[in-house]
Amino acid sequence: MKVEVTQDIEACLALRAKVFIEEQGVSKADELDGRDCESTHLLLRDGEIPVGTARLMIQGDTGKVGRICVLKEYRGQGLGALLVRFTVNHFRTVDGVTQVKLGAQCHAIPFYENLGFTAFGPVYDDAGIDHRDMIHPL
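Parameters and conventions
- Residues numbered from 1 in each chain as written.
- Predicted model: local features only at pLDDT ≥ 70, side-chain atom pairs only at ≥ 80, totals over all residues.
- Heavy atoms only, no water.
- Helix = DSSP H or I, 4+ residues; strand = E, 2+ residues; numbered from the N terminus.
- Rg over C-alpha atoms; globule rule 2.2 N^0.38 Å.
- Buried < 20%, exposed > 50% of the residue type's maximum accessible area, 1.4 Å probe, protein only.
- Contact = heavy atoms within 4.5 Å.
- Areas by Shrake-Rupley, 256 points an atom, 1.4 Å probe, with all protein chains shown as cover.
- Lys, Arg positive; Asp, Glu negative; His and termini not counted.
- Charge placed at Lys NZ, Arg CZ, Asp CG, Glu CD.
- Salt bridge = Lys/Arg side-chain N within 4 Å of Asp/Glu carboxyl O.
- Core = buried A, V, L, I, M, F, W, Y, C linked by side-chain atoms within 4.5 Å.
- Pairing = 2+ DSSP bridges.
- Axes fitted to C-alpha atoms, helices over the stretch in contact; angles between N-to-C directions.
- Patch = residues over 30% accessible without salt bridge, like charges linked within 9 Å, V, L, I, M, F, W, Y side chains within 5 Å.
- Phe/Tyr/Trp six-rings, centres within 6.5 Å; stacked < 30°, edge-to-face > 60°.

Asks: Looking at this structure, I do not really get the overall build of the protein. What am I missing?
Replies: Looking only at helices and strands, the protein has 4 helices and 7 strands in total. The order of helices and strands in the protein, counted from the N terminus, is β-α-α-β-β-β-α-β-α-β-β. The C-alpha atoms of the protein give 14 Å as radius of gyration, which agrees with the globular expectation for 138 residues (14 Å, within 12%). Reported as C-alpha extents along the three principal axes, the dimensions of the protein are approximately 35 × 30 × 30 Å. Across the 138 residues in the protein, those meeting the buried criterion constitute 42%. Taking the intrachain contacts of the protein between residues at least 6 apart in sequence as the baseline, contacts between residues at least 24 apart amount to 60%. Surface exposure of the protein reaches about 7300 Å², of which carbon and sulfur atoms provide 51%. Of the side-chain charges in the protein, 15 are positive and 20 negative, and the distance between the mean point of each set is 2 Å.

Asks: So what exactly am I meant to see when it comes to the pattern of salt bridges here?
Replies: Working definition: two side chains of opposite charge can pair if their charged atoms are close together. Taken as a whole and assessed by the stated rule, the structure comprises 11 salt bridges. With a shortest N-O distance of 2.8 Å, R16 and D36 are connected by a salt bridge. Residue R16 is found in helix 1 (residues 9-23), and its partner D36 is found in the loop between helix 2 (28-31) and strand 2 (40-46); the two are separated by 20 residues along the sequence. Of the two residues, R16 and D36, both sit in the buried class. When the shortest N-O distance is used, the salt bridge between R55 and D33 registers 2.9 Å. One end of the pair, R55, is in strand 3 (residues 49-59); the other, D33, is in the loop between helix 2 and strand 2, and 22 residues separate them in sequence. Here R55 falls in the buried class, since its relative accessible area comes to 4%.

Asks: How should the nonpolar core be read in this particular structure?
Replies: Soluble globular proteins tend to pack their nonpolar side chains together in the buried interior. Of all hydrophobic cores here, the largest spans 37 residues; its most connected members are V65, I68, L83, L102, Y112, F117 and M134. When neighbours within four sequence positions are excluded, M134 is seen to be in contact with V100, K101, L102, A104, I109, Y112, E113, F117, T118, A119 and F120.

Asks: Please clarify how the sheet that holds strand 2 should be interpreted in this entry.
Replies: Taken in spatial order, the 7 strands of this open sheet run 1-2-3-4-5-7-6, and their pairing is mixed. A single partner strand is all that each edge strand has here, and the edge strands are strand 1 (2-6) and strand 6 (118-126). Looking at each pair of strands side by side, their axes are set apart by 25° on average, direction ignored. As judged from the 5 bridges shared by strand 1 and strand 2, these two strands associate in the antiparallel manner. When the sheet's bridge partners are listed, T6 is paired in strand 2 with H41.

Asks: Would you take a moment to explain a negative patch on the surface for this structure?
Replies: Judged by side-chain charge, D30, D125, D126 and D130 come together as a negatively charged surface patch. With respect to the helices, strands and loops of the structure, D125 is situated in strand 6. Residue class for D125 comes out exposed when judged on its relative accessible area of 55%.

Asks: What am I meant to see in the packing of aromatic side chains here?
Replies: Note on aromatic pairs: each is described by the distance of the centres and the angle between the planes. By the definition in use, this model includes 2 aromatic pairs. Ring geometry for F111 versus Y112: centroids 4.9 Å apart, planes at 75°, classification edge-to-face. Their ring planes at 75° and their centres at 6.0 Å tell us that Y112 and F117 sit as a pair that is edge-to-face. Residue F117 is classed as buried on the basis of its relative accessible area of 3%. Here a set of aromatic residues connected by ring pairs shows up, and it is made of F111, Y112 and F117.

Asks: Explain the environment of D95 to me, please; I cannot follow it from the model alone.
Replies: Summarising the element assignment, D95 is placed in the loop between helix 3 (79-92) and strand 5 (99-105). Taking C-alpha positions, D95 is 21 Å from V3, a pair spaced 92 residues apart along the chain.

Asks: Which parts of the structure should I look at to understand the pairing of strand 6?
Replies: On a regular strand, one side chain projects to one face of the sheet and the next to the other, so that they alternate. As paired elements, strand 6 and strand 7 (residues 129-137) share 6 bridges and run antiparallel to each other. Each residue of the ladder has a partner; that of D126, found in strand 7, is I129. Where strand 6 hands over to strand 7, the hairpin turn is made up of 2 residues, of which A127 adopts a positive phi near 60°.

Here it is, written out as structure tokens:
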């Protein structure tokens, strides 16, 4: 398994469509928010097969990660954690970034806590799914 920064946005969008739109019922309009062109994309591959992705943006001193997903048949193997650790390490190399932020689906909060994130603020609805913001200092 290998994670890398990619220009293959189509592969990332296909993974996100499968997980978020087909599996979780997120609308296409909510999933495609128009911010992909201004983002950095990560792609996790099993050989040549795309199996996971994440989207990165920088907002001031904060590295923002979102659209984290792994195909259902690849879950439970630590690949989501691999993606998140890669993201945190990537932002450590960006001048001026002092923290990483994400909006976690509430059921995934313990997963992110185990990776060094802390939840803050209220629960909010994002595309019909309860979320909570989380932060990881660098």
